[in-house]
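# Tertiary structure, described
Below are the chains, spelled out letter by letter.
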Amino acid sequence: MSNFIKKKILFIDHESGHGGSSISLYNKIKLLSQKNYKISVILRKHSHIVGKYKSLKVKVFYLEIPTITSLKKLSSNIISYYKYFFKLTIFICKNQKFFKKINNFDHIHLNHENLFWILKLIRIYNNKIKITMSIRTILERNFFSKIQINVINNEANKKLFITKKNFYEFNYQVNKKKMNNFILENFDLNKQPQNIFLKKKNKSRNLNILSISNFSHDRGVDRIVRIAEKLDIKGFRNIKFNILGDYKINSLKNILKNNSNQNLKYFVQQKQLKNVNILGHKSNTQKYFKKNHLLLYLPRNDSAWGRNIIEALNNGLPVITLGKTNSLIINKKNGYFFYNFKETLIIKIIKEFYYNRNKLTKMSIAAKNISKKKNDKKNNSKKLNLFFNY
């Protein structure tokens, strides 16, 4: 009879299965060998992802854990910290059981860098437990980011980065570099469409362009609306834009009255665009990949490596995007990557896809084939086991 004892890991997810970080965490847990681990997950609240976890025999708990991350402006950081520590104090007083229960686990993994003060608190309560953290974004270069980065660097046993870019940016601000860094790009475990499906879909009369991104200045969704407006003016009414994601920016200005800078739906209504559909947040994006032909993501920041692009490529959607760092797009094979926003050229490419469906199909098939190589289950599983076994 074997005396092997499974390692007990608690994953802490600040979301509830709705965001990219939650989906990425689920994919990682799905790949981890259930023979070696006894896995539990903390979610913010119940959601569609709970059923998926239970099918993997993962225990699910619910707890609203306060989060904070560094911002651009000094004033915004000061206000954010004031609000956060008020919430954190209440959380500590109400949830002493949480800090006691962490002693039941061998390993704690925090799924986002915005949990860094929780990392510090867990370390105070238990100095011996192994704690790891996923670093998913590129933080600002300022005093508050430096605090955040060095708390993580000092307290986490290991750090898991999703790109080389955010690894380099993180290390730029650390006081002391450590050799406990791992890089594992996001991957998609969903089944890929067959070539025959892509060929049939790409023969449809309309050209459907998908955007999956919350509305904000940095995400550049307004740029997509501008492109849609220009194509509408030129008479390309069979080119449709379907925009998924939260379309309101939480702001006092939005409460008092509709504001086109804060409310994407109102912005589109003002322009009377019938070729743009604002669909809001959707927990399941798979059916939208099946109905659309391209993904358009035109951010003002350097973020062209997210789950929206990864899932689009895996589902056979060529991607048009831009930024400073490109790790996913091979120009003219699975999409187009630009270092600057080139509106006229992007419109030209969209029109080419509309007229040349053979080109669209060729790039759709290439998108999923290139993605398949990146989504190697065996290789990713090996990397994850290496990260959690030490």
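Notes on the structure in this doc start here. (Residues numbered from 1 in each chain as written. Predicted model: local features only at pLDDT ≥ 70, side-chain atom pairs only at ≥ 80, totals over all residues. Heavy atoms only, no water.)

### Observations regarding the pairing of strand 2 (residues 37-43)
Most of strand 2 sits inside the fold, with 6 of its 7 residues counted as buried. Relative to strand 2, strand 1 (residues 7-12) is paired through 6 bridges, and the arrangement is parallel. Across the sheet, the residue bridging to Leu 10 is Ser 40, located in strand 2. Viewed along the sheet, the connection from strand 1 through helix 1 (residues 20-31) into strand 2 turns out right-handed. Here strand 2 pairs with strand 3 (residues 59-62) via 4 bridges, running parallel. The residue of strand 3 that forms the bridge with Leu 43 is Tyr 62. (Buried < 20%, exposed > 50% of the residue type's maximum accessible area, 1.4 Å probe, protein only. Helix = DSSP H or I, 4+ residues; strand = E, 2+ residues; numbered from the N terminus. Pairing = 2+ DSSP bridges. Right-handed = clockwise from strand over helix to strand, strands pointing away.)

### Some points on the packing of helix 14 (residues 343-355) against helix 15 (residues 357-374)
Where helix 14 contacts helix 15, the two axes come as close as 5 Å, and the packing angle between them is 100°. The angle between the axes of helix 14 and helix 15 places the two elements in the roughly perpendicular class. Along its contact with helix 14, which presents Glu 352, Phe 353, Tyr 354 and Tyr 355, the element helix 15 presents Arg 357, Lys 359, Leu 360 and Met 363. Broken down by class, the residue content of the contact of helix 14 with helix 15 amounts to 5 nonpolar, no polar and 3 charged. (Axes fitted to C-alpha atoms, helices over the stretch in contact; angles between N-to-C directions. Parallel < 35°, antiparallel > 145°, perpendicular 65-115°, else oblique. Contact = heavy atoms within 4.5 Å. Nonpolar A, V, L, I, M, F, W, Y, C, P; charged D, E, K, R; others polar.)

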